[in-house]
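A closer look at the structure
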Amino acid sequence: MTLTKGDIIELVCARLQCSRTEGAELVEAVFQLMKERLERGEKVKISGFGNFTVREKRARRGRNPQTGEDIVIRGRKVLSFKPSNVFKRAVNHRPVRSRALRTAEQT
Amino acid sequence: MTKRELVEELGRRFPYCSRRDLELVVHTVFRSMVEALQKNDRVEIRGFGTFQLRQRQGREARNPKTGAPLHIAPKRVPFFRAGKELRLRVDGRKPDKA
């Protein structure tokens, strides 16, 4: 199964009791806004979910694995996502531990 | 941009929506994605990217402080792959429009 934007729109409409058109506009705007900021190289931090960051990659030498030819891989910017601890624990069905609890365990 | 700033910016674009409703929208969007991955479903957002789980094998490691060996159980981690359009835009290249 795959969750799509359409499914998210339906969930939002159900929660807000709004029209499908309105829900679609809102959900679209959420992703549009994130895209705009990331395009500008800005970080997007969503607590409980994770951080999206734009990382600068330096140019490096590489090789075409098919032809064995040496090539230069140019420097570029790539988008990376680091899931939050809450998210990582959720997908492993482990309870979320608070900072206070973690510190207590260590001592 | 943080989650709160995202809600504030939505407020400027949807001045007729209450702050509470906009918070609910943002919460529902991210919550639904976490729940989908909990069920090992994929998340596919056109024009943005896809999220899916990757399996990590268990391994033997050491506590860096005490040097005691410990076993790290296999686990799953959320993995994001940016869609083509976003990937190009982040790199300052405009995807060619048909």
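Residues numbered from 1 in each chain as written. Chains lettered and ligands numbered in written order. Predicted model: local features only at pLDDT ≥ 70, side-chain atom pairs only at ≥ 80, totals over all residues. Heavy atoms only, no water.

**Section: the interface of chain A and chain B**
The accessible area lost on association of the parts is a frequent measure of interface size. Rules: Any two residues whose heavy atoms approach within 4.5 Å at even a single point are treated as in contact. Joining two parts hides part of their accessible area as seen by a 1.4 Å probe, and the buried area is that hidden amount summed over both. A carboxyl oxygen of Asp or Glu within 4 Å of a side-chain nitrogen of Lys or Arg is what we treat as a salt bridge. Each polar contact in these results corresponds to two N or O atoms within 3.5 Å; when the atoms are within protein, one needs to be able to donate a hydrogen and the other to accept it, and residues that are neighboring in sequence are counted only if both atoms are side-chain atoms. Per the convention used, a helix needs a DSSP run of H or I reaching at least four residues, while a strand needs a run of E reaching at least two, with both numbered from the N terminus.
Taken residue by residue, the interface counts 47 residues in chain A and 46 residues in chain B. Each partner contributes to the roughly 4500 Å² buried at the junction of chain A and chain B, and carbon and sulfur atoms together form 70% of this total. At the boundary of chain A with chain B, the tally comes to five salt bridges. A:Glu36 is the partner of B:Arg13 in a salt bridge, and the nearest nitrogen-oxygen pair spans 2.9 Å. Here chain A and chain B share 17 residue pairs in polar contact (both at pLDDT 80 or more) between them. Taken together, the elements giving at least two residues each to the side of chain A that touches chain B come down to strand 1 (2–4), helix 1 (5–16), helix 2 (20–39), strand 2 (44–46), strand 3 (50–57), strand 6 (76–83) and helix 3 (85–91) of chain A. The element contributing the most residues to the side of chain A that touches chain B is helix 2 of chain A, with 14 residues.

**Quick word on the domain arrangement of chain A**
We apply this condition: Either an automatic procedure or a domain database provided the assignment from which the domain bounds are taken.
By domain assignment, chain A separates into domain 1 (1–42) and domain 2 (47–107). One C-alpha centre belongs to domain 1 of chain A, the other to domain 2 of chain A, and the line joining them spans 24 Å.

**Concerning the packing of aromatic side chains**
The way to describe two aromatic rings as a pair is by their centre distance and the angle between their planes. Put simply, the test is: Note on ring pairs: Phe, Tyr and Trp rings are taken, using the six-membered ring of Trp, and paired if centres are within 6.5 Å. Classes follow the plane angle, with under 30 degrees stacked, over 60 edge-to-face and the rest tilted. The buried label goes to any residue with under 20% of its type's maximum accessible area, the exposed label to any with over 50%, and the partly exposed label to all in between, with areas taken from a 1.4 Å probe on protein chains only.
According to the stated counting rule, one finds 16 aromatic pairs over all chains in the structure shown. Between A:Phe31 and B:Phe48 the ring centres are 5.3 Å apart and the planes differ by 55°, which places this aromatic pair in the tilted class. In this pair, A:Phe31 sits in helix 2 while B:Phe48 sits in the loop between strand 1 (42–45) and strand 2 (49–56), so the two residues belong to two different chains. Neither A:Phe31 nor B:Phe48 differs from the other in exposure class; each is buried. Seen in terms of ring centroids, A:Phe49 and A:Phe81 are 5.4 Å apart; in terms of plane orientation they differ by 45°. Their pairing is tilted. With A:Phe49 in the loop between strand 2 and strand 3 and A:Phe81 in strand 6, this residue pair connects regions lying 32 residues apart in the sequence. We classify A:Phe81 as buried; its relative accessible area is 14%.

**Here we look at the pattern of salt bridges**
Tallied over the full model, the rule gives 18 salt bridges over all chains. In this structure, the salt-bridge partner of A:Lys5 is A:Glu28, at a minimum N-O distance of 2.9 Å. Of this pair, A:Lys5 sits in helix 1 while A:Glu28 sits in helix 2, and the two are 23 residues apart along the sequence. On the accessibility criterion, A:Glu28 (37% relative accessible area) is partly exposed. Across the pair B:Glu9 and A:Arg37 runs a salt bridge, and its minimum N-O distance is 3.7 Å.

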